[in-house]
Amino acid sequence: MSLKKLGLAALLFLLLVSPVKAESATVSDISKQLICQCGCTLLLSNCTHIECPVGVPMKALIEQKLDQGQSEEQIIQLFVAQYGEVVLASPPKRGFNLAAWVSPFAAIAAGGVAIYFALKKWVKRGKRYQTKDVTKSKEEDKEYQRQLEKDLKEFDEGGFR
Amino acid sequence: MADIGYIALILALVASIYSAIAFVFGTRRGDARLVASAKNSLLAVCGLVSVSVAILVYALVTHDFQIEYVASYTSSDLSLPYLLSALWAGNSGSLLFWAWLLSIFAVVVVLQKRDIGKELVPYASAIIMGTAAFFFALLLFVSNPFQKLAFVPAEGMGLNPLLENPGMLFHPPFLLAGYVGFTIPFAFAIAALFARKFGDEWIITIRRWTLVAWLFLGIGNLLGAWWAYAELGWGGYWAWDPVESASFMPWLVATAFLHSIMMQRRRGIFKKWNMVLIILTFSLTIFGTFLTRSGVLSSVHTFAASPLLGYSFLAFIGVVLFGSLGLLYLRSTELKGEAEMESLVSRESTFLLNNLLIVGAAFAIFLGTVFPLISEAVRGVKISVGAPFFDQVNGPIFLAVILLTGICTLIGWRRASTKNLVRNFLWPGVAAIGLGVALFILGIREWFALIAFPVFGFVLFTIFSEWFRGTRARCRMRGENYLKAFWGLIRANKPRYGGYIVHIGIVIFAIGVGGSSFYSVEKEVTLRLGDSMTIKNYTLTYESIDSYETESKTVVTTTLSAYNQGKFIGKLIPEKYFHRTYEQPVTEVAIRSTLLEDLYVILIGWDADGTTAFKVLVNPLVMWLWIGGGVVVLGGVIAFWPDRRRLPSPRQTKARREEK
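Cut-offs applied
Residues numbered from 1 in each chain as written. Chains lettered and ligands numbered in written order. Predicted model: local features only at pLDDT ≥ 70, side-chain atom pairs only at ≥ 80, totals over all residues. Heavy atoms only, no water. Pairing = 2+ DSSP bridges. Helix = DSSP H or I, 4+ residues; strand = E, 2+ residues; numbered from the N terminus. Axes fitted to C-alpha atoms, helices over the stretch in contact; angles between N-to-C directions. Core = buried A, V, L, I, M, F, W, Y, C linked by side-chain atoms within 4.5 Å. Buried < 20%, exposed > 50% of the residue type's maximum accessible area, 1.4 Å probe, protein only. Contact = heavy atoms within 4.5 Å. Polar contact = N/O pair within 3.5 Å; in protein donor to acceptor, adjacent residues only side chain to side chain. Buried area = accessible area lost by both parts, 1.4 Å probe. Salt bridge = Lys/Arg side-chain N within 4 Å of Asp/Glu carboxyl O. Nonpolar A, V, L, I, M, F, W, Y, C, P; charged D, E, K, R; others polar. pLDDT = per-residue confidence, 0-100. Patch = residues over 30% accessible without salt bridge, like charges linked within 9 Å, V, L, I, M, F, W, Y side chains within 5 Å. Areas by Shrake-Rupley, 256 points an atom, 1.4 Å probe, with all protein chains shown as cover. Parallel < 35°, antiparallel > 145°, perpendicular 65-115°, else oblique.

1. Description of the sheet that holds strand 8 (residues 590-593) of chain B
Residue and element names in this part refer to chain B. As summarised here, the arrangement of the four strands in space is 1-10-9-8, forming an open sheet in which the pairing is antiparallel. Pairing within the sheet leaves two strands with one partner each, and these edge strands are strand 1 (521-527) and strand 8. Neighbour to neighbour, the strand axes of the sheet diverge by 15 degrees on average, direction disregarded. Summarising the sheet, strand 8 and strand 9 (residues 597-606) pair through four bridges and their orientation is antiparallel. The partner of I591 across the bridge, within strand 9, is Y600.

Below, the structure is given as structure tokens:
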């Protein structure tokens, strides 16, 4: 299979599996993106307070606005306008908040680069030692060879010890 | 009585400070008598705290309500197990419990028979005693469990009803034992720095201590998840609450540590990195305690907030971090490892990547946990960082970690040749792709699931095939049958095969997480008596509502008949408890678990006209979380299990006799 075909197949696959928003948002979908403001610190969908004085009206409002035909985004913005950003279950991916979203991956990428260069350095050092081999008589060689193989085998198969 | 408990704590503080100082000076000067006296006072510390604990427990059991702690967390109608559990229900009690565990661990450290690392024990004991002294000071001056009230109340306030669950008996002590356990490896790391013993002695000495602490913390978290699922009644098991995150972070960093010490053992590298990891692990355990006690972040776990206690912990973290990292810096030139590698692609490299990713995940969780504070400081805007953030950021990282556990198994130590790689990766790769295609045909379209589940399959396949190859080789070489050969394989190298079993457990766990987070279905319904509702292939019929009184609460109970595709499968009884001493009602969910999925019913509320609101969830594969957790624990125990102490061989004994 040529690379082009492979790429095409991959694209087709991605198209097939990419999530399709078939049905419109439900109260439960939206309440998973908001934090209940009653002080329980849980997602609105998870607040277990019976007749929660804050959570129940919040959910009722979502239902009402959905019935009025408002979109998910509109409803969420309505809550942000009322309570501030703190009502969102996760910070929106823009502005300063990007620091939270991006820096874990940036840190891992930076660490990956550092590891790559460290490994390269170590491999180079390892090779330098390997080339410093001293030629020995064949007899001795065999004996060392056996010992080396034994040690390496132990090393490979041993655990922490 | 309470006074004796308090006096015992004062003596324990004095003895622990003396012990710490005497250990250091005795060892420096080579004064064996001073070291022996330090050791004795360490034993005395344990005895004294035990007296304190015994007195508090006695006060709890005998309902001595004049002691504020007893009055705040118990009542006379509480059953014995929960009376005992009240020891860790409140701030000062749990700190006393912490100090007690620490002193017991310290005794084990000094009494343990060891061949390696003997010279580290005095310094390590000094560090442990120093830490213990900090806790004694807190107990005496900030949060006194023996504080008396000016009057004797007729009745106590009782235990928070949410805590009246079997989970309460096990979740906190396991978690705390894990937290406390990490003090030991930390102490030995600092001891190694002090004593300039930069070799492998300290990691050999603490590997199993770390494993135990890691296991305890893991079990504690698992029990917490189960408790949340069965008792808190919001339908899930992990909410990324700041305190959950706080107990997850040290566990993650300790996981990285357990892997990276293998590298030091094998290649003599990572000496500094291992120090950093264990210092971080220990600091994170204190950070978790700081979060629960200070109330800086709002969380379901918060104890009665005590700013002074919070600041004390913050100061302690500062001392620990600056002190130990400073010491590490001073010793850094002597700690240089002469690293060399044969190849870029080797099992060693996968360990490096594993460390990077796991620490990266811990960093992401830390950042998410403290980001509300950062945001408020920088922008002045309050924000929340909740489950969606952690799921989205950590999902891919953890998936990569799991993938690595599979790849790691396939790559040999030192060097991997292309031929080897192709041979090793061929069948697991084919199996994974096959699984992906099968899932696709079965109608699964979520791209993350289509990546995740094949990855899980890949890892399981690699580990099982590695086992199979090892077993077959043993069979051929020794002529044993398969079962015996398999058992022999595991016994011959417990750390390694225990580790593999842990990996299998993690994958099983991940399957549970994947299933329950992608395919959970929920419905909120309002039913009248006799009404039915359907969710997936289940039908629930609302049969009855009733209420009855017990000694401490009013119970509202409802019954629903559950049918699976028309077949009756049982009755579900979700309830609500209204405790007399506690404002919020407590939800008792009804769960029907199978290997495939859980049917989970929450009673939300009812009206006078007989309509009742329920929330019904179908959570797929949740059972596998608990099974996976069990497998992880099994693997951890196997990895921990000691080899028989090797008796000196006859030749050695003979040689020794001749020397004499």
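That covers the picture; the talk isn't over yet.
2. Remarks on the nonpolar core
All names here are of chain B. F136, W202, W214 and F313 are the most contacted members of the largest nonpolar core, which totals 161 residues. Ranked by residues supplied to this core, first place goes to helix 6 (residues 121-141) with 15 residues. What W214 contacts, discounting residues up to four positions off in sequence, is F182, W251, A254, T255, L258, V502 and V632. Core analysis: the next-biggest nonpolar cluster, separate from the first, contains 29 residues, I444, L450, I501 and V631 among them.

3. A word on helix 17 (residues 482-492) of chain B
All names here are of chain B. Taken together, the buried positions of helix 17 are occupied by A485, G488, L489 and I490. In this fold, the buried residues of helix 17 make contact with helix 16 (447-478), helix 18 (494-518) and helix 19 (622-640). N-cap assignment for helix 17: the residue whose side-chain oxygen lies 3.2 Å from the backbone N of L483 is N481.

4. Looking at the side chain of B:Q264
For B:Q264, the location among the structural elements is in helix 10 (residues 242-267). If near-sequence neighbours (up to four positions away) are discounted, B:Q264 is found in contact with B:F198, B:G199, B:D200, B:W202, B:I203, B:I269, B:F270, B:K271 and B:N274.

5. Some remarks on the interface of chain B and chain A
Contacts between the two partners involve 72 residues from chain B, matched on the other side by 54 residues from chain A. Counting the surface lost from both chain B and chain A, the interface buries some 5,400 Å², and carbon and sulfur atoms represent 66% of this. The largest share of the area that chain B buries against chain A comes from B:R266, B:L344 and B:S384, three residues that together contribute 11% of it. Of the charged contacts in the structure, one is a salt bridge between B:E524 and A:K59, with a shortest N-O distance of 3.8 Å. Residue composition of the side of chain B that touches chain A, grouped by class: 40 nonpolar, 14 polar and 18 charged.

6. Focus: the confidence of the model for chain B
All names here are of chain B. Mean pLDDT for chain B: 89, with 95% of residues reaching 70 or above. Segment residues 651-656: pLDDT under 50, and one contact once partners within four positions in sequence are set aside and those in other chains are kept. Across the assembled chains, the prediction reports ipTM 0.85 with pTM 0.89.

7. Some points on a nonpolar patch on the surface
A grouping of A:V113, A:Y116, A:F117, B:L344 and B:V345 is seen on the molecular surface, where their side chains present a nonpolar patch of about 440 Å² in accessible area. Mapped onto the fold, A:Y116 is located in helix 5 (residues 98-131). Look at A:Y116 and you get partly exposed, because its relative accessible area is 40%.

8. Description of the packing of helix 8 (residues 183-195) of chain B against helix 9 (residues 201-232) of chain B
Residue and element names in this part refer to chain B. With their axes 9 Å apart at the nearest point, helix 8 and helix 9 run at an angle of 170 degrees to one another. Classified by the angle their axes make, helix 8 and helix 9 are roughly antiparallel. For the pair helix 8 and helix 9, the contacting residues are I184, P185, F188, A189 and A192 in the first and W202, T205, I206, W209 and T210 in the second. Here the residues of the contact of helix 8 with helix 9 sort into eight nonpolar, two polar and no charged.

9. A look at the pattern of salt bridges
Within this structure, the stated rule accounts for nine salt bridges over all chains. Here B:D200 makes a salt bridge to B:R265, at a shortest N to O gap of 3.4 Å. Note that B:D200 is positioned in the loop between helix 8 and helix 9 and B:R265 in helix 10, a separation of 65 residues in sequence. With respect to burial, B:D200 and B:R265 carry one shared label: buried. Among the ionic pairs, B:E522 bridges to B:K615, the shortest N-O distance being 3.9 Å. Taken together, the residues span a long stretch of sequence, with B:E522 in strand 1 and B:K615 in strand 10 (residues 612-620) at a distance of 93 residues. Residue B:K615 is classed as buried on the basis of its relative accessible area of 5%. Among the charged side chains, a salt-bridge network with shared partners connects A:K32, B:E522 and B:K615.

10. Points about unusual backbone geometry
Residues and elements named next belong to chain B. Positive phi outside glycine occurs at K536, with the angle close to 50 degrees. Relative to the helices and strands, K536 resides in the loop between strand 2 (532-535) and strand 3 (538-549). Phi is positive for Q565, close to 50 degrees, though the residue is something other than glycine. Following the sequence through the fold, Q565 ends up in the loop between strand 4 (553-564) and strand 5 (567-572).

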